[in-house]
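Commentary on secondary and tertiary structure
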Amino acid sequence: MPKNKGKGGKNRKRGKNEADDEKRELMFKEDGQEYAQVIRMLGNGRCEATCIDGTKRLCHIRGKMHKKVWIAAGDIILVGLRDYQDDKADVILKYMPDEARLLKAYGELPENIRLNEGIAGGLDEEDDGAGDDYIEFEDEDIDKI
């Protein structure tokens, strides 16, 4: 059997995320880039996202971020647009929740976008009739049963 000459296995590679917690400079979009919110993850390093310009795009997570930066539904990302394919884009950066709030405060993101609530955040508009789901019985109704 061959000898292991490396410094460890995949568990060592998993714990190398120490630089993500420190503060980094806030990156704004440049020409050919757009802000987007992830709708759902598709697997195979891809996700479906709605860009701020209103277009739904299939986004590819670049190799530098693959298995290092975890992206979930509802996250705000920066995508690089393709010149030759308008319905596809490449994920350049994932914004942390505090960075996304700063972008919204600076006016880069529109006011109607919902931050850090994920895809299930839109349920509270339907909750206004939640008190009508139960039936009240009088004491005499219970005695008849």
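Here the structure is a predicted model, which means the values were calculated and not measured.

Thoughts on the pairing of strand 1 (residues 33–43)
Alignment of strand 1 against strand 4 (residues 76–81), held across 5 bridges, turns out to be antiparallel. Paired with A36 across the two strands is I77, which belongs to strand 4. Sheet analysis places strand 1 next to strand 2 (residues 46–51), joined by 6 bridges and oriented antiparallel. The partner of A36 across the bridge, within strand 2, is C51.

Considerations on the sheet that holds strand 1
The 5 strands are arranged 1-2-3-5-4 in a closed barrel whose pairing can be described as mixed. Direction aside, the axes of adjacent strands within the sheet are offset by 50° on average. With 5 bridges connecting them, strand 4 and strand 5 (residues 88–94) associate as antiparallel partners. Each residue of the ladder has a partner; that of G80, found in strand 5, is D90.

Concerning the pairing of strand 3 (residues 56–61)
Burial along strand 3 is one-sided: R57, C59 and I61 are buried, while K56, L58 and H60, pointing the other way, are not. Bridge count between strand 2 and strand 3: 5 bridges; the pairing is antiparallel. In the sheet register, R46 faces strand 3, and the bridge partner there is H60. Between strand 2 and strand 3, which pair antiparallel and follow one another directly, the connecting turn spans 4 residues, one of which, G54, has a positive phi of 95°. One ladder, built from 4 bridges, connects strand 3 with strand 5; its direction is parallel.

Here's the deal with the side chain of R57
When you line up the elements, R57 lands in strand 3. Residue R57 is classed as buried on the basis of its relative accessible area, which comes to 3%. Separated by 3.5 Å, the side chains of R57 and D53 make a polar contact. Residues contacting R57, with those up to four places away along its chain left out, are C47, E48, A49, C51, L81, D86, D87, K88 and A89.

Concerning unusual backbone geometry
Positive phi, close to 60°, is recorded for N44, a residue that is not glycine. Its relative accessible area of 69% is what places N44 among the exposed residues. The phi dihedral of K67 is positive, around 65°, even though this residue is not glycine. Along the chain, K67 falls in the loop between strand 3 and strand 4.

Notes on the packing of aromatic side chains
Aromatic ring pairs are defined here through the distance separating the ring centres and the angle between the ring planes. Overall, the coordinates contain 2 aromatic pairs when judged by the stated rule. Ring centres 5.9 Å apart and planes at 55° place the aromatic pair F28 and Y106 in the tilted group. Placement of the pair is F28 in the loop between helix 1 (10–14) and strand 1 and Y106 in the loop between helix 2 (97–105) and helix 3 (139–144), with a sequence separation of 78 residues. The interplanar angle of 55° and the centroid separation of 6.0 Å between the aromatic rings of Y35 and Y95 together place this pair among those described as tilted. Here Y35, found in strand 1, pairs with Y95, found in the loop between strand 5 and helix 2; they are 60 residues apart in sequence, far enough to count as distant. As far as burial versus exposure is concerned, Y35 and Y95 are alike and both buried.

What about a nonpolar patch on the surface?
A cluster of nonpolar side chains, F28, L102 and Y106, forms an exposed patch at the surface whose accessible area comes to about 310 Å². Classification of Y106 as exposed rests on a relative accessible area of 54%.

What counts, and at which threshold
Residues numbered from 1 in each chain as written. Predicted model: local features only at pLDDT ≥ 70, side-chain atom pairs only at ≥ 80, totals over all residues. Heavy atoms only, no water. Pairing = 2+ DSSP bridges. Helix = DSSP H or I, 4+ residues; strand = E, 2+ residues; numbered from the N terminus. Axes fitted to C-alpha atoms, helices over the stretch in contact; angles between N-to-C directions. Buried < 20%, exposed > 50% of the residue type's maximum accessible area, 1.4 Å probe, protein only. Polar contact = N/O pair within 3.5 Å; in protein donor to acceptor, adjacent residues only side chain to side chain. Contact = heavy atoms within 4.5 Å. Phe/Tyr/Trp six-rings, centres within 6.5 Å; stacked < 30°, edge-to-face > 60°. Patch = residues over 30% accessible without salt bridge, like charges linked within 9 Å, V, L, I, M, F, W, Y side chains within 5 Å. Areas by Shrake-Rupley, 256 points an atom, 1.4 Å probe, with all protein chains shown as cover. Salt bridge = Lys/Arg side-chain N within 4 Å of Asp/Glu carboxyl O.

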